[in-house]
Amino acid sequence: DSTASWTEDCNLSTGFDDIQEDLAVEIYPNPGRSGFNLILPKSADISVFNASGIAMEHHALLRYLQFGHDYQPGVYLVRIYFPDDAKEFVMKIIKE
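Residues numbered from 1 in each chain as written. Predicted model: local features only at pLDDT ≥ 70, side-chain atom pairs only at ≥ 80, totals over all residues. Heavy atoms only, no water.

Our focus in this paragraph is the overall build of the protein chain. For the protein chain, the helix and strand inventory stands at 0 helices and 6 strands. Just so you have it, the protein chain exposes about 5400 Å², and 49% of that area is on carbon and sulfur atoms. (Helix = DSSP H or I, 4+ residues; strand = E, 2+ residues; numbered from the N terminus. Areas by Shrake-Rupley, 256 points an atom, 1.4 Å probe, with all protein chains shown as cover.)

What follows concerns the confidence of the model for the protein chain. Averaged over every residue, the pLDDT of the protein chain is 85; the share at 70 or more is 76%. Looking across the protein chain, the model is least confident in strand β1 (residues 6–8), with a mean pLDDT of 55, and most confident in strand β4 (residues 55–67), with 98. In this model, residues 11–21 is a region of pLDDT below 50 whose contacts with residues beyond four sequence positions or in other chains number 19 contacts. (pLDDT = per-residue confidence, 0-100. Contact = heavy atoms within 4.5 Å.)

With that settled, consider the pattern of salt bridges. Scanning the model with the defined rule gives 3 salt bridges in all. Notably, a salt bridge pairs Lys42 with Asp85, separated by 3.2 Å at the nearest N-O pair. With Lys42 in strand β3 (residues 36–50) and Asp85 in the loop between β5 (74–82) and β6 (87–95), this residue pair connects regions lying 43 residues apart in the sequence. Measuring nitrogen to oxygen at the nearest pair gives 2.5 Å for the salt bridge that ties Glu88 to Arg79. Judged by relative accessible area, which is 25%, Arg79 ranks as partly exposed. (Salt bridge = Lys/Arg side-chain N within 4 Å of Asp/Glu carboxyl O. Buried < 20%, exposed > 50% of the residue type's maximum accessible area, 1.4 Å probe, protein only.)

Okay, the pairing of β3 next. As judged from the 3 bridges shared by strand β2 (residues 25–28) and β3, these two strands associate in the antiparallel manner. Residue pairing for β3: Tyr28 is matched across the bridge by Asn37. Where β3 and β4 come together, 9 bridges link them in antiparallel fashion. Directly across from Ser47, in β4, lies its bridge partner His58. Two strands pair when backbone bridges link them, and β3 and β5 are joined in this way by 6 bridges, in the antiparallel orientation. The residue bridging Ile46 from the neighbouring strand is Ile80, located in β5. (Pairing = 2+ DSSP bridges.)

Along the chain, the position of Asp45 falls in strand β3. Although buried, Asp45 forms no salt bridge, and the nearest oppositely charged side chain, Arg79, lies 5.9 Å from it. Of the polar contacts made by the side chain of Asp45, one reaches the backbone nitrogen of Leu61; its length is 3.0 Å. When sequence neighbours within four positions are dropped, the list of residues in contact with Asp45 reads His58, His59, Ala60, Leu61, Arg79, Ile80, Tyr81 and Pro83. (Lys, Arg positive; Asp, Glu negative; His and termini not counted. Polar contact = N/O pair within 3.5 Å; in protein donor to acceptor, adjacent residues only side chain to side chain.)

Along the polypeptide, Lys95 turns up in strand β6. The buried charged residue Lys95 lacks any salt bridge partner; its closest oppositely charged side chain belongs to Asp70, at an N-O distance of 6.5 Å. A distance of 3.4 Å separates a polar atom in the side chain of Lys95 from the backbone oxygen of His69.

The following block contains the structure:
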């Protein structure tokens, strides 16, 4: 089966503040062909950007999001901002 699931502990070196270890974020499938599911442990602001830095979409205070069904193949960045503790980080996704 070509469908995969990806869970990340969010300890990334992106230039943004490090996320606490208990803030696991799940995004799947990645890479994906039809779209993506994003599951967060608590509400966050979510923005998606294409490889040129153009904002594709923005959502405020969500814990779950289905997105990317209409995206062209390529690399995208998902910015997740947790306003409760002013933490943010970026995840890379690939649309096949």
